[in-house]
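Remarks on the overall topology
Each chain is listed here by its residues.
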Amino acid sequence: MTGGVYAVANQKGGVGKTTTAVNLAACLAEAGERTLVVDLDPQANATSGLGQSANGTSTYDLLDGAPLEAVVHETRFRNLDLVPSRAELAGAAVELAQRAGGETYLRRSLRDAHERYAFVFVDCPPSLGPLTVNALAAADRVIVPVQCEYYALEGLAQLLRSIELVRARLNPRLAIAGMLLTMSDGRTRLAADVAAQVRQAFGDLVFEAVVPRSVRLAEAPSHGLPITAYDASSAGADAYYRAAGELVERR
């Protein structure tokens, strides 16, 4: 059974969306699952985080109708492929808003992805604009990274309303795979309080695994490596290994 297409989404920036998409994909690929990362953020952080450049075919071409096989790039990691982003993708957000049926371009492009990949992770930009709507319309499930900071719950209600709207209008199969607590500083009371608050609000939707605030996690993208390749023995790698295991159990 395939895991399906996962949108990694939260309209707040800096909560660990790209880190989560890249590292969950790397963990599953390492376990033998054919995995694809689709970088739908014009900042292209998932692209550079997997050691790729923003040159050649990209998600811009995918949204413009190019077949998936024409835009997939192999990474240096076994079982892990990438559709990279590039700066022009920012313009696609405007174009999609003006096209009839522009909300479902990505869904059409990914409709056969399950034939090649067990898991597809779509790294969304930090907004609820046309690109993120495309991701939600294409996804089977949504993973929501939630930073263990004071304003963690701020904006989640808006995101959940957006998910409900997409489910009602565009994608009735869309579900929440889970909320992943990120950037947790175990030395502070605040992190524990936020985790408790999120678990109280969302219960079983919250992953048991908690991603720590980690220098090694922060360093890995600058080397074009997921944490599993940069420091597989680190606390950050352990957290993503455990989160990937939970994701497999939840599928």
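Structure's up top.
Model, not experiment: these values are computed from the prediction.

Time to look at the layout of surface pockets. In this structure, the largest pocket spans a volume of roughly 300 Å³. Lining the largest pocket are 24 residues; nearest its centre among them are Gly 16, Lys 17, Thr 18, Thr 19 and Asn 45. If you list the elements that add at least two residues to the lining of the largest pocket, you get helix 1 (17–30) and helix 2 (45–49). Counting residues per element, the lining of the largest pocket draws most heavily on helix 1, at five residues. Of the residues in the lining of the largest pocket, the class split is eleven nonpolar, ten polar and three charged.

Another aspect to go through is helix 5 (residues 89–98). Among the residues of helix 5, Leu 89, Ala 92, Ala 93 and Leu 96 are the ones counted as buried. Taken end-on, helix 5 shows its buried residues confined to a sector of 110 degrees, consistent with a single buried face. Seen from the buried face of helix 5, the exposed residues on the opposite side, beyond 90 degrees, are Val 94, Ala 97 and Gln 98. Among the structural elements, strand 2 (35–39), helix 3 (59–63), helix 6 (105–109) and helix 7 (130–138) are those in contact with the buried residues of helix 5.

Here we come to the packing of aromatic side chains. One pass over the structure, following the stated rule, counts four aromatic pairs. Ring plane angle 25 degrees and centroid distance 5.6 Å describe the contact between Tyr 6 and Phe 121, whose orientation is recorded as stacked. Of this pair, Tyr 6 sits in strand 1 (residues 4–8) while Phe 121 sits in strand 5 (residues 119–123); the two residues are 115 residues apart in sequence, bridging distant segments of the chain. Side by side, Tyr 6 and Phe 121 carry an identical accessibility label, which is buried. A ring pair is formed by Tyr 150 and Tyr 151, whose centres lie 4.9 Å apart and whose planes are at 80 degrees; its orientation type is edge-to-face. By relative accessible area, Tyr 150 is classed as exposed at 62%.

So, on to the nonpolar core. Core analysis: the biggest nonpolar cluster contains 48 residues, and Leu 63, Leu 68, Leu 106, Leu 110 and Val 122 have the highest contact counts within it. In terms of residue count, the dominant contributor to this core is helix 9 (residues 189–202) (five residues). Aside from chain neighbours lying at most four places away, what touches Leu 106 is Leu 40, Leu 62, Leu 63, Val 122, Asn 134, Ala 135 and Ala 138. Counting residues in hydrophobic clusters, the runner-up holds 36 residues, among them Ala 29, Ala 118, Phe 119 and Ile 143.

Glancing now at the sheet that holds strand 1. Strand order in the open sheet formed by eight strands is 3-4-2-5-1-6-7-8, with mixed pairing between adjacent strands. What marks the edges here is a single partner per strand, and that holds for strand 3 (73–74) and strand 8 (206–212). Strand direction decides the pairing type here: strand 3 and strand 4 (residues 80–83), joined by two bridges, are antiparallel. Pairing of Glu 74 across the sheet is with Asp 81, part of strand 4.

About the thresholds
Residues numbered from 1 in each chain as written. Predicted model: local features only at pLDDT ≥ 70, side-chain atom pairs only at ≥ 80, totals over all residues. Heavy atoms only, no water. 1 Å grid on protein atoms, 1.4 Å probe; cavity = no way out; pocket = protein on both sides within 12 Å on 5 of 7 lines; lining within 4 Å. Points joined across faces, edges and corners; volume = space filled by probe spheres on them. Helix = DSSP H or I, 4+ residues; strand = E, 2+ residues; numbered from the N terminus. Nonpolar A, V, L, I, M, F, W, Y, C, P; charged D, E, K, R; others polar. Buried < 20%, exposed > 50% of the residue type's maximum accessible area, 1.4 Å probe, protein only. Arc of directions from axis to C-beta. Contact = heavy atoms within 4.5 Å. Phe/Tyr/Trp six-rings, centres within 6.5 Å; stacked < 30°, edge-to-face > 60°. Core = buried A, V, L, I, M, F, W, Y, C linked by side-chain atoms within 4.5 Å. Pairing = 2+ DSSP bridges.

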